[in-house]
Amino acid sequence: MEARTSPGPATLRHHDVVIGCLRDAGFSIELAAHAFSALDSYIYGFALQEQGLPFDTPEETTQLANAMLARFPADEYPHLAELMVGHVLQPGYDYGNEYDFGLDLILDGLAKSSDASEHQRWPCTRAVRMRPSPATPATNSPPDRRPGRVCRPFSC
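Criteria and cut-off values
- Every residue gets a number counted from 1 within its own chain, in the order that chain's sequence is written.
- Per-residue local features are limited, in this predicted model, to residues with pLDDT of at least 70; the limit for side-chain atom pairs, both in listing and counting, is 80 or more; totals at the level of whole chains, interfaces and linings are taken over all residues.
- Excluding hydrogens and water, the side-chain figures rest on all heavy atoms present in the structure.
- Runs of H or I in DSSP of at least four residues are treated as helices and runs of E of at least two as strands, each being numbered from the N terminus.
- Burial classes follow relative accessibility: with a 1.4 Å probe on protein chains only, a residue under 20% of its type's maximum area counts as buried, one over 50% as exposed, and anything between as partly exposed.
- Two residues form a contact once any of their heavy atoms are found within 4.5 Å.
- The Shrake-Rupley method, run with a 1.4 Å probe sphere, supplies the accessible areas, and residue values consider only the shown protein chains as cover.
- Take the number of residues in a helix, subtract one, and multiply by 1.5 Å to get its expected span.
- As used here, the arc is the angular range of directions from the helix axis to the C-beta atoms.

Notes on the overall build of the chain
Tallying secondary structure elements over the chain gives five helices and zero strands in all. Listing every helix and strand of the chain by position from the N terminus yields α-α-α-α-α. Out of the 156 residues belonging to the chain, those deemed buried represent 24%. For the chain, the proportion of contacts with a sequence separation of at least 24, taken over those separated by at least 6, is 68%. Element-wise, carbon and sulfur atoms account for 57% of the exposed surface of the chain, whose accessible area totals about 10600 Å².

As structure tokens, this is what we get:
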């Protein structure tokens, strides 16, 4: 991420492949540019936001949410309190799932904007998550692969 101002061959290959997948899926040049920008901004922005969060595990998320609820009166921040109690503090909540939800939202919107057929398959040969799995350190390790996943259009 730090090399974004002077991309090397690997970054350029990645950009080229993503743009190629979008074009092969039927995106116009203009829509491919919009799609690439939206995807890149979301993925990069989420990674930066997640990196700066003061928690890593669901347990730490719960501890932080409870500390915030104890420190800040719910009547002064009613919507934030409702979100924490009704969503964040519910069993099974994991902030990392917010990434998948947001990415699916973007991809669904791009699919609707595209002239590609609803039944057209994503032309890429493998599905790749852009976010490391919780067990994978956020280093230069390869992305988490989901073998055998059948992709619907623009959902890889």
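Some thoughts on the side chain of Thr61
With respect to the helices, strands and loops of the structure, Thr61 is situated in helix H3 (residues 58-71). Its relative accessible area of 7% is what places Thr61 among the buried residues. For Thr61, the residues in contact, after removing those within four places along its chain, are Phe55, Val88 and Tyr93.

As for helix H5 (residues 96-113)
Count 3.6 residues to each turn of an α-helix, and residues three or four apart come out pointing the same way. In this model, H5 (18 residues) spans 27 Å end to end at C-alpha, consistent with the 26 Å of a helix rising 1.5 Å per residue. Residues of H5 that are buried: Gly96, Tyr99, Gly102, Leu103, Leu107 and Leu110. Here the buried residues of H5 occupy an arc of 135° about the axis, which is enough to place them on one side. Away from its buried face by more than 90 degrees, H5 exposes Phe101, Leu105 and Lys112. If you follow the buried residues of H5, they end up packed against helix H2 (29-52).

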